[in-house]
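# Structural characterization, general
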Amino acid sequence: AERTKNRDGSPNPDAIKLQEAYNKAKRYADFRKMLDEQKDIDAILVATPDHIHAIAAKAGLEAGKHVYCEKPLTWSVHEARV
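Starting afresh in each chain, residues are numbered from 1 along the sequence in its written order. Two thresholds apply to this predicted model, a pLDDT of at least 70 for residue-level local features and 80 or more for giving and counting side-chain atom pairs, whereas whole-chain, interface and lining totals are computed over all residues. With hydrogens and water set aside, each side-chain value is computed from the structure's full complement of heavy atoms.

## Topic: the packing of aromatic side chains
Paired rings are identified among Phe, Tyr and Trp, the last through its six-membered ring, by centres lying within 6.5 Å, and are further divided according to the angle between planes into stacked (under 30 degrees), edge-to-face (over 60) and tilted (the rest). One pass over the structure, following the stated rule, counts zero aromatic pairs. A ring is considered to have a charge above it if a Lys NZ or an Arg CZ atom is located within 6 Å of its centre and within 35 degrees of its normal. The ring centre of F31 lies 5.7 Å from the NZ or CZ of R32, which sits over that ring.

Right, here's the structure in full:
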């Protein structure tokens, strides 16, 4: 609720509109669970900490999703080859 207000405490109409639009979106703490349950997802965007990029991207590709991954894609040469 505090994110819908400006610094001076006045309501931010853009933030309120975004909150209303995405308030019912399903939230996941684990991307693997999301990929298993959400069959209607066509693509994923991987913008996690660097040590998870390759794991999340590989899971998305194996699930048959289109994947956009932030840099760096992998931590090591071995991860890149996998």
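## A word on helix α3 (residues 53-62)
Each full turn of the α-helix corresponds to 3.6 residues, which orients residues three or four apart in the same direction. Considered for burial, the residues of α3 that qualify are H53, A54, A56, A57 and G60. Seen from one end, α3 has its buried residues packed into an arc of 165 degrees, which puts them on one side. On its buried face, α3 sits against α2 (31-37), β1 (43-46), β2 (66-69) and α4 (77-81). One or two steps after α3, the chain reaches G64, where phi turns positive at roughly 80 degrees. Remark: exposure states derive from per-residue accessible area (1.4 Å probe, protein chains only) relative to the maximum for the residue type, with buried under 20%, exposed over 50%, and partly exposed in between. Every helix listed is a DSSP run of H or I at least four residues long, and every strand listed is a run of E at least two residues long, numbered separately from the N terminus. This arc is built from the directions going out from the helix axis to the C-beta atoms. Between two residues, a contact is recorded if the distance between any of their heavy atoms is within 4.5 Å.

## A closer look at the pairing of β2
When DSSP finds two or more bridges between two strands, those strands count as paired. Pairing analysis gives four bridges linking β1 to β2, with the strands arranged parallel. Across the sheet, A43 pairs through a bridge with H66, a residue of β2. When the strands point away from the viewer, a crossover counts as right-handed if the path from the first strand over the helix to the second runs clockwise. Note on the crossover from β1 through α3 to β2: the handedness is right-handed.

## Overview of the nonpolar core
Among the nonpolar cores identified, the biggest contains six residues, and these are L35, I41, I44, V46, A56 and A57. At the level of elements, β1 and α3 are the ones that each hand at least two residues to this core. In contact with A56, other than residues within four places in its own chain, are F31, I44 and V46. To form a nonpolar core, buried Ala, Val, Leu, Ile, Met, Phe, Trp, Tyr and Cys residues must be joined to one another through side-chain atoms within 4.5 Å.

## Focus: the side chain of H53
For H53, the location among the structural elements is in helix α3. A relative accessible area of 1% means that H53 is categorised as buried. Apart from the residues lying within four places of it in its own chain, the contact partners of H53 are V46, A47, T48, C69, E70, K71, P72 and L73.

## Topic: the pattern of salt bridges
Any carboxyl oxygen of Asp or Glu within 4 Å of a side-chain nitrogen of Lys or Arg constitutes a salt bridge here. Applying the stated criterion across every chain yields a total of three salt bridges. A salt bridge links E62 to K58; the nearest nitrogen and oxygen atoms lie 2.9 Å apart. In this pair, E62 and K58 both sit in helix α3, four residues apart, roughly one turn of the helix. Taking relative accessible area as the criterion, E62 reaches 59% and is therefore assigned exposed.

## Notes on the environment of P49
For P49, the position within the fold is in the loop between β1 and α3. For the pair P49 and A15, spaced 34 residues apart in sequence, the C-alpha to C-alpha distance is 26 Å.

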